[in-house]
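Chain residues, written in single-letter form:
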There are 2 protein chains.
Amino acid sequence: MSSENVVDAAPHPAWLPDGALAAVGRRRVALRTPELSGPAAGIPSRGPDNSPEVLATLRAEVEHATTAHGGDVVAPDASPDLLLALSPELSADGFRCVRDGGRVTVTAATATALLHGWFHVVRRGEAAFTGPDADERHAPATALRMLNQWDNVDVHPYMGQVERGYAGGSIFYDAGVVRADLSRVTEYARLLASIGIDRVAINNVNVHAREARLLTDDLAETARVAAALRPYGVRTHLAVSFASPMTLGGLSTADPLDDAVRAWWSDAADRVWAAIPDFGGFLVKADSEGQPGPFAYGRDHADGANLLAEAVAPHGGVVHWRAFVYNHTQDWRDRTTDRARAAYDHFAPLDGRFAENVIVQVKHGPLDFQTREAVSPVLAAMPRTRVALELQVTQEYTGQQQHVCYLAPWWRENLGFQPWGAGSGGDGVTVADVVAGRGPDAAPAVAAAGGGGIAAVSNVGDDRFWTGHPLAQANLYAYGRLTWDPRLDPAEILDEWISLTFAGPDGAVDPQVRQTLHAVMDDSWRTYESYTAPLGVGFMVSPLRAHYGPDVDGYEYSKWGTYHFADRDGVGVDRTRATGTGFTGQYPAPWRDVYESLETCPDELLLFFYHVPYSHVLRGGTTVIQHIYDTHFAGVEQVRATIAAWEALDGRIAADVDTRVRERLAEQLRSATEWRDQLNTYFFRKSGVPDVHGRTIY
Amino acid sequence: MSSENVVDAAPHPAWLPDGALAAVGRRRVALRTPELSGPAAGIPSRGPDNSPEVLATLRAEVEHATTAHGGDVVAPDASPDLLLALSPELSADGFRCVRDGGRVTVTAATATALLHGWFHVVRRGEAAFTGPDADERHAPATALRMLNQWDNVDVHPYMGQVERGYAGGSIFYDAGVVRADLSRVTEYARLLASIGIDRVAINNVNVHAREARLLTDDLAETARVAAALRPYGVRTHLAVSFASPMTLGGLSTADPLDDAVRAWWSDAADRVWAAIPDFGGFLVKADSEGQPGPFAYGRDHADGANLLAEAVAPHGGVVHWRAFVYNHTQDWRDRTTDRARAAYDHFAPLDGRFAENVIVQVKHGPLDFQTREAVSPVLAAMPRTRVALELQVTQEYTGQQQHVCYLAPWWRENLGFQPWGAGSGGDGVTVADVVAGRGPDAAPAVAAAGGGGIAAVSNVGDDRFWTGHPLAQANLYAYGRLTWDPRLDPAEILDEWISLTFAGPDGAVDPQVRQTLHAVMDDSWRTYESYTAPLGVGFMVSPLRAHYGPDVDGYEYSKWGTYHFADRDGVGVDRTRATGTGFTGQYPAPWRDVYESLETCPDELLLFFYHVPYSHVLRGGTTVIQHIYDTHFAGVEQVRATIAAWEALDGRIAADVDTRVRERLAEQLRSATEWRDQLNTYFFRKSGVPDVHGRTIY
């Protein structure tokens, strides 16, 4: 992958080119902070979110912007166009933004919140100053807005430097060591701060031997990474191995109820916080896909999580404990075991047993980051637990950053899903509400903590464009924005991203570029869905090529529990209570009934919940088999249209971006065509039903 | 793989335990050779097959055997039980064996041939001395009896130390270097000499950068390997890269018609023979699966091969040029391209253009070492070319030395195939005859050279048992014996191997062990066939697991050109002239007609030549679909019977062998069950036809 990197060139600025700073940079900006204007201004208490380094960063940002665009840094009493002020009486998170006669004042209680306020004004651009008078308070939907790096320190024989990484090597590590030069990590932190992300778990949840040492022997290196993230108010978390007391500590057990094990974790946590006072906490993948966990000792996930929670509690730390637990050595012959059921079966019974500083981190769907799958019922099953939603920004199953696939619409659907329905009973509570601690029957401690927040697997690497495909930057951008406000409209987020990323030196964006990017990206997730696995059935990806490209039967006879059961008559997985695996029963009403009935189950999830004959008629009037043909032909045509639209931009896009995007679009067309032909051929060979339009099926 | 090796233990003796030497070792043995008995005995000319080192080896073998078993080395005139004598008036290959009143005299023209004669007596055991008087001449069917090591010097990222190696690391190389201690290579040479093999190409035909240097910079290392093989009369060949003049020589071209290129190869050959006077020649995989070749310069395979032939000719060297050339980036949608046709299409038109010291090395089948496939028509298409048959002892497609699969019956079928039929027209000429230079219309030079001989990919590694599965040793043994005499009966070869390998200290074999090994091994290839791909259709192996285990559609939508085209109605590849790819037309009569007719095409190759409905009735009266079910159920039952037979040997087999065999049998049962269930389920889902016996299909 490194062959793609342009080593000598500076990284692409992503959505923060200097042009994006034009509106603020042209103006007179003042800061009023204790360090800058003296004790009389009032000194907010120091803390993880209120570091002098962040204030210094903010000042440097302001100076950079005004220098670049001819504005000026002025005194707070010199009638600035923009005043940024610390104001300890506000709540800790978020900021207030007042516009009065075209002059803007941003106040916040902490340095990090004020930095977020600054980037808010940057994002608004001219509109920040030109609207009618206003007094807005902006606060994030949840306190924990996190990215998980699946970066390995040692290059993994199969997974490489970054597991499920599609953007070159790691910006953190290189071939077994933490990078000497971590300046790019700080650049990354800047991008994250600009979208409100304030936590990063810096290593892969699959914690191999080398990575495990970040917790102990290599703590000084971990502290260097934390120091590189800190200037932008981004706090460091570590993924740790549950077996650490044995593998690192030399104990004979990792039993969570063993006193020596508890002491070991307590000491380890003490040392981490001594080295990194604003450290965030631990992230754990336990008893999952071969990772060690409490099951080895006859303990459960609550025992395991609470062990670590006890160790980090004195420091105000949290433990993210992943709910991605299932039998990964399943027998395909066994139709009674349903991987979709696994997380709920494991975790729902433990509700109420987790410590207050444990966060159970739940993948959005019950399978594994598919292009389309149901929403995980675990999210609605644990009112007495802080539950986090886990998304995947890296495009493991969605084109691996070779395909354009703007994921915000898909995340938005998940965040906006109403587990208890929209009616009077459910009150329209959404997944976003649940993970903010506002689910029905949320325990007081859960509500008080603001829930578990949102986490996602990052998509960046040391690729010049950060994300391989330049347009995949938009996914990282949108993820951050949705963690701050899950109600945002994906098209508006994209518009915002375009305004920043494609800003010319004067801050303006070519209207044709804007229009084309919407045409290329707005519906790209649905386009991707159209030419891949149909109707929510999932997978059909190639195990040989690490989930890239089609292989309809690739997982059909495997141990992974992801099957489609296609035969000559039909396809899909019966997950009903009546005749299937009973997975539908894991949902509260109304979904337990909606999904249980073929009449009400949404078409896009039809094959996720039902095994139906190819002749089954969808709501649109076409049969399942004809739907497969139609969507696969249409998907490729949509890719062709995308390419035509992009090519019409000729000359309006920076050459390096244009070249990379064209390369990727060509690969997308090749791959989409392969998907179309393999899927259509597979189902034609099985069903024997010809395409009613007589198109070519091989 | 190295975890399986018992590092401290001596390698298993394979078929040469001391017990196997009992019959000769108990007797009085004399040698009459120039070195031993003086000039009066007549000194044969020195040469590659007549080295003083081999005579020293022979003397050491005799001393070892007689010391171990109480016999004696005596003078030739002291009425020895066995006299081994050089006799220059005999032909160069082979030996004469005379038994007269229970005393045996072996004479040969060269040291290597005399060594082969010694091992002949060893193999015969008591029978060598106790039969009626006899005067036999034994000569190998072909002068070139070769093994190809697919060993890499550098560990390859995917293929490991030995490409398609299932027996640990390489006995030649270890992690980038030629092993310092090559004593095991000499032990290997001893095993080879005992079965008549006299040539080894010591590196992988896929010649990577590190391996290429064996020809030049690392020639001294190559010479060390040659020195380790030489004591047993085994000569060294090298696999070379066609691009060597560029990659090693710094030339700007490897064009075979370029004078500088010709000079480079000539110089390279001169240096090799200067370092290794008995060097054999070069082995080349060109324009195949990404290896460089003459196509890049608009030249053909004859141009390429003749280039190297010219360089090695002054030294009496040969060039083995592989015919395994096909389009490995095929489009699965394109049904007109047939990989089975490729070797013939490339090579048959070149017949007559190859130099006399070029050997075109042809895989036995037109695809790739399948468990069942047709015989390659190339073998019958090049009378003016020295053609070698290439077999695969390493069990790439036949269970990877996890499954018992005694391959001699399959090789014997290929060697005994009569390309021109058995009738008066074809005169019963076999493939074995063709590769011995005795095909119809063989050019005089081809006949004079004795054809191209036989080559095979070795199955040994640094595993204690040499071959991973101890019973896989029999394949190496049988390969050697068949190269010497292709008419040998596989069961008799196996019996010979049992007599040697399982000989007790007194040379006797437990009759129950003998009986059980026949029960376990005689039909094991057909058993393996029964539970894998049906009726000659081939492949259906897992690309993810490097050809181990089932994946029916694993290669169905790939670039490799190996498809089965199964749909809801039928399965198989139409290779007829009438309606298919025309491959049948590459055969001479009668096969071009036999295969062209569904009425005469043998059932075991039915799906290799035809796409038939599942309801097609085989000669035995069952349908294709029922045949699939029946053979797959029966195959697993046969494996169970094999295990029961082996377990009944309890206590009669050395513990280390027994343990390893039991481990492998357990894995074979697991894997065979997986094959059965995946194949049956796949075809049931496609066909919808139930098993008439109502057995479980998932």
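The structure presented is a predicted model; accordingly, all values stated were derived computationally and were not measured. (Residues numbered from 1 in each chain as written. Chains lettered and ligands numbered in written order. Predicted model: local features only at pLDDT ≥ 70, side-chain atom pairs only at ≥ 80, totals over all residues. Heavy atoms only, no water.)

Our focus in this paragraph is helix α18 (residues 511-521) of chain A. Residues and elements named next belong to chain A. Of all the residues in α18, the buried ones are V513, T516, L517, H518, V520 and M521. Against α16 (473-484), α17 (490-501), α19 (524-531) and α22 (624-647) lie the buried residues of α18. At the N-terminal end of α18, a side-chain oxygen is found 2.8 Å from the backbone nitrogen of Q512, two or three residues along, and the residue is D510. (Buried < 20%, exposed > 50% of the residue type's maximum accessible area, 1.4 Å probe, protein only. Helix = DSSP H or I, 4+ residues; strand = E, 2+ residues; numbered from the N terminus. Contact = heavy atoms within 4.5 Å. Polar contact = N/O pair within 3.5 Å; in protein donor to acceptor, adjacent residues only side chain to side chain.)

A few words now on the sheet that holds strand β3 (residues 82-86) of chain B. Residues and elements named next belong to chain B. Strand order in the open sheet formed by six strands is β2-β1-β3-β5-β4-β6, with mixed pairing between adjacent strands. Lying at the two open borders of the sheet, with one neighbouring strand each, are β2 (72-74) and β6 (134-138). Direction aside, neighbouring strands of the sheet carry axes that sit 20° apart on average. Two elements, strand β1 (residues 28-32) and β2, share three bridges in a ladder whose sense is parallel. Looking at the pairing, V29 lines up with V73 of β2. With respect to the sheet, helix α4 (residues 111-124) is in contact with β3, β4 (95-100), β5 (103-108) and β6, its orientation differing from that of β3 by roughly 160°. (Pairing = 2+ DSSP bridges. Axes fitted to C-alpha atoms, helices over the stretch in contact; angles between N-to-C directions.)

Attention now goes to the interface of chain B and chain A. How big an interface is tends to be stated in terms of accessible area lost as the parts join. Contacts between chain B and chain A engage 24 residues on the former and 24 residues on the latter. Of the roughly 2,400 Å² buried where chain B meets chain A, counting both sides, 50% is carbon and sulfur surface. Of all residues in chain B, R333, R568 and R685 of chain B bury the most surface against chain A, accounting for 34% of the area lost on that side. Our count for the contact surface shared by chain B and chain A stands at six salt bridges. Across the pair R685 of chain B and E556 of chain A runs a salt bridge whose closest N-O atoms are separated by 2.8 Å. Linking chain B to chain A there are 17 residue pairs in polar contact (both at pLDDT 80 or more). Within the side of chain B that touches chain A, the residues separate by chemical class into eight nonpolar, five polar and 11 charged. (Buried area = accessible area lost by both parts, 1.4 Å probe. Salt bridge = Lys/Arg side-chain N within 4 Å of Asp/Glu carboxyl O. Nonpolar A, V, L, I, M, F, W, Y, C, P; charged D, E, K, R; others polar.)

This part is about unusual backbone geometry. Geometrically, the link from A589 of chain A to P590 of chain A is a cis peptide bond, its omega value of 5° lying close to zero. Look at M540 of chain A: it is not a glycine, yet its phi comes out positive at around 65°. You can see M540 of chain A is positioned in the loop between α19 and β19 (570-572). Residues other than glycine seldom take positive phi values, yet E289 of chain B does so here, at roughly 50°.

All names here are of chain A. In this structure, the second largest pocket spans a volume of roughly 890 Å³. Lining the second largest pocket are 43 residues, with R123, R124, R481, L488 and E496 positioned closest to its centre. Every element with two or more residues in the lining of the second largest pocket is listed here: α1 (22-25), α4 (111-124), β6 (134-138), α13 (408-416), α14 (431-435), α16 and α17. Looking at the lining of the second largest pocket, the element that brings in the most residues is α17, giving six residues. (1 Å grid on protein atoms, 1.4 Å probe; cavity = no way out; pocket = protein on both sides within 12 Å on 5 of 7 lines; lining within 4 Å. Points joined across faces, edges and corners; volume = space filled by probe spheres on them.)

What follows is about the packing of aromatic side chains. Counted by the stated rule, this structure contains 65 aromatic pairs over all chains. A ring pair is formed by Y587 of chain A and Y595 of chain A, whose centres lie 5.1 Å apart and whose planes are at 70°; its orientation type is edge-to-face. Seen in terms of ring centroids, W332 of chain B and Y557 of chain B are 4.9 Å apart; in terms of plane orientation they differ by 85°. Their pairing is edge-to-face. Taken together, the residues W332 of chain B in the loop between β15 (318-322) and α12 (339-347) and Y557 of chain B in the loop between α19 (524-531) and β19 (570-572) connect sequence positions 225 residues apart. Among the residues examined, Y557 of chain B registers a relative accessible area of 10% and is labelled buried. Three or more aromatic residues joined by ring pairs form one cluster here, namely F417, F583, Y587, W591, Y595, F608 and F609 of chain A. Note that R335 of chain B overlies the ring of F565 of chain B, its terminal NZ or CZ placed 3.8 Å from the centroid. (Phe/Tyr/Trp six-rings, centres within 6.5 Å; stacked < 30°, edge-to-face > 60°. Lys NZ or Arg CZ within 6 Å of the ring centre and 35° of its normal.)

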